[in-house]
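# Breakdown of the fold
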Amino acid sequence: MPFSELQNELNRRAAQGLLRSRRTLESPQSPHIVVEGKPYLAFCSNDYLGLANHPQLVAALQQSAAQYGVGAGAAHLVSGHFAMHQQLETELAAFVNKPAALLFSTGYMANLGVVQALVGKGDTVFADKLNHASLNDAMLLSRATVRRYRHGDMAQLAQLLEQAESGRKLVITDAVFSMDGDLAPLPELLALCEQHDAWLLVDDAHGFGVIGEQGRGSLFNRKSPPAPLFQRGVSADARVHHPPLQKGGRGDFDLNSPRIIYMATLGKAAGVSGAFVAAERVVIDTLINHARSYVYTTAAPPALAGALLESLRLIAQGDALRVHLQQLIAQLRGGLRDLPWPLMPSATAIQPLLIGDNRAALRLSDELRERGIWVAAIRPPTVPQGTARLRITLSAAHSAGDVTRLIEALHELAC
Ligand SMILES: *Cc1c(COP(=O)(O)O)cnc(C)c1O
């Protein structure tokens with residue numbers, strides 16, 4: 001058995017400062033975690049609204065488990081599709097103003113399923129070079145021709161679309177880039193897709209719940225006042241429908257196009273687990289029939305859907321959380337302006353500090369940890385060579401005092 005070969009590969013990784021390992025949490029996810037017996041102030045979860053340990057979600061999960069049990073017991077297409085899954089799909093579709101939605105067990109599986117169901121040999125996928133690994137894997141698995149464009153480079157994308165052979169065209173992009181925190185130019189992407197009759201798959205793992213009115217995500221990055229979603233006095237069962245969002249107004253985008261296939265994850269801001277795809281009915285029916293990562297897997301526990309229904313309510317009512325998060329982002333950016341390491345240009349909760357060298361990034365992360373502060377060092381291949389970084393993520397559960405502590409620690413370490 002080639003064990004020594006495997007060990008040599010691991011040793012090589014370690015020598016480059018690239019070996020990965022895990023730390024074990026002994027507390028719920030929150031800004032204040034206990035890891036291997038020690039308390040830390042943490043800036044590395046994607047729990048942007050602080051919902052992962054919210055008492056109302058815990059209660060909803062317990063209640064749904066009492067009602068439906070634990071396991072789904074089968075795939076959705078066999079006998080694992082429960083009323084709670086169905087209700088969640090209906091509410092998610094309404095929330096993002098799409099005709100239909102479909103739950104997946106994880107975002108990784110959603111991306112694999114969508115791309116593979118929509119394109120294949122003879123078709124072409126166009127992808128931003130900084131897309132999430134799951135989108136990259138999805139396009140390779142689909143066997144479509146792959147064309148990658150420089151990060152955010154719409155001129156290059158236009159050129160590649162121009163050159164594409166016949167067959168279906170699918171443009172895929174992160175809405176908020178997961179390791180950089182910057183935003184994809186969605187209106188420009190949609191315009192190019194219109195021009196070249198392409199589909200646009202938007203992966204909003206880091207936008208859903210955080211961006212847009214009521215946290216509806218990156219397609220709703222508009223300034224006009226929100227339409228009420230959950231009206232006061234309306235019972236939980238009757239809150240499925242709401243009128244479509246109004247268009248128009250200053251600074252709005254209208255990203256309500258049928259050619260957009262919207263994907264978002266439910267384990268980040270939503271604080272639970274899973275993902276959904278929202279699109280035209282015919283696209284969802286295609287996924288139900290052809291997305292292998294949907295068809296050939298056991299449905300997620302229905303109780304998770306119960307917790308997610310509660311999460312959706314908290315997201316919609318969470319404008320105060322999102323305002324607080326924005327204030328923390330401004331505080332952090334102001335406080336880290338004069339460090340030797342540049343903050344990357346990001347207006348979102350993902351605030352990477354660019355270090356460059358792998359070992360320097362690890363060292364800084366270790367030194368913060370000695371001070372009781374947890375920030376993950378992100379290294380290649382997750383990010384391009386030479387761009388190792390501290391990926392600081394903020395959550396509405398942080399206080400201004402938490403952010404001050406991080407700013408002060410980084411200034412100390414910069415001396
Ligand atoms: C986290 C993430 C995913 C994967 O979602 P999971 O539910 O964690 O599998 C997909 N795309 C992006 C951009 C992500 O950040």
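Our subject is the structure listed above.
Below, the structure is looked at part by part. Quantities reported herein were computed from a predicted structural model and do not represent experimental measurements.

On to the packing of helix 4 (residues 107–118) against helix 5 (residues 133–142). Two elements in contact, helix 4 and helix 5, have axes whose closest approach is 8 Å; the angle formed by their N-to-C orientations is 35 degrees. Like other packed secondary-structure pairs, helix 4 and helix 5 cross with a definite hand, here right-handed. Seen from helix 4, the contacting residues are Y108, N111, L112, V115 and Q116; seen from helix 5, they are S134, L135, D137, A138, M139, L141 and S142. A breakdown of the residues in the contact of helix 4 with helix 5 according to their chemical character gives seven nonpolar, four polar and one charged.

Taken together, 14 residues sit near the ligand, with G107, Y108, D203, H206 and K268 positioned nearest. Contact between the ligand and Y108: an oxygen atom at 2.9 Å from a main-chain N or O atom of the residue. One nitrogen or oxygen atom from the side chain of K268 is found 2.6 Å from an oxygen atom belonging to the ligand. Against a free-state accessible area of 370 Å², the protein chains account for coverage of 82% of the ligand. The dominant element in the shell around the ligand, judged by the number of residues it contributes, is helix 4, at three residues. Of the residues belonging to the shell around the ligand, the class tally is two nonpolar, nine polar and three charged.

With that settled, consider the layout of surface pockets. Of the pockets and cavities examined, the largest pocket occupies roughly 870 Å³. Every residue lining the largest pocket is counted, 29 residues in all, and those nearest its centre are S21, W374, A376, A377 and I378. Those elements giving two or more residues to the lining of the largest pocket turn out to be strand 1 (32–35), helix 12 (358–370) and strand 12 (376–378). The greatest single-element share of the lining of the largest pocket, amounting to four residues, is contributed by helix 12. Across the lining of the largest pocket, the residue classes tally to 12 nonpolar, nine polar and eight charged.

This next bit is on the sheet that holds strand 9 (residues 275–279). Pairing in this open sheet of seven strands is mixed, and the strands run 3-9-8-7-6-4-5 from one edge to the other. Two strands lie at the open edges of the sheet, namely strand 3 (100–104) and strand 5 (145–149), each paired on one side alone. Sheet twist, expressed as the average angle between the axes of neighbouring strands with direction ignored, equals 20 degrees. Two strands pair when backbone bridges link them, and strand 4 (residues 124–128) and strand 6 (residues 169–174) are joined in this way by four bridges, in the parallel orientation. Along strand 6, the bridge assignment pairs V125 with L170. With respect to the sheet, helix 6 (residues 154–163) is in contact with strand 4, strand 5 and strand 6, its orientation differing from that of strand 5 by roughly 155 degrees. Contacts between helix 8 (residues 281–290) and the sheet are confined to strand 3, strand 8 (260–265) and strand 9, with strand 3 contributing the most and set at about 25 degrees to the helix.

Bringing helix 2 (residues 55–68) into the picture now. Given a rise of 1.5 Å per residue, 14 residues ought to cover 20 Å, and the 20 Å separating the end C-alpha atoms of helix 2 matches this to within 8%. Residues of helix 2 that are buried in the fold lie against helix 3 (83–95) and helix 10 (302–316). A positive phi of about 85 degrees marks G69, the residue just after helix 2.

Thresholds applied
Residues numbered from 1 in each chain as written. Predicted model: local features only at pLDDT ≥ 70, side-chain atom pairs only at ≥ 80, totals over all residues. Heavy atoms only, no water. Axes fitted to C-alpha atoms, helices over the stretch in contact; angles between N-to-C directions. Helix = DSSP H or I, 4+ residues; strand = E, 2+ residues; numbered from the N terminus. Left-handed = near helix turned anticlockwise from the far one by under 90°. Contact = heavy atoms within 4.5 Å. Nonpolar A, V, L, I, M, F, W, Y, C, P; charged D, E, K, R; others polar. Near = heavy atom within 4 Å. Polar contact = N/O pair within 3.5 Å; in protein donor to acceptor, adjacent residues only side chain to side chain. Areas by Shrake-Rupley, 256 points an atom, 1.4 Å probe, with all protein chains shown as cover. 1 Å grid on protein atoms, 1.4 Å probe; cavity = no way out; pocket = protein on both sides within 12 Å on 5 of 7 lines; lining within 4 Å. Points joined across faces, edges and corners; volume = space filled by probe spheres on them. Pairing = 2+ DSSP bridges. Expected span 1.5 Å × (residues − 1).

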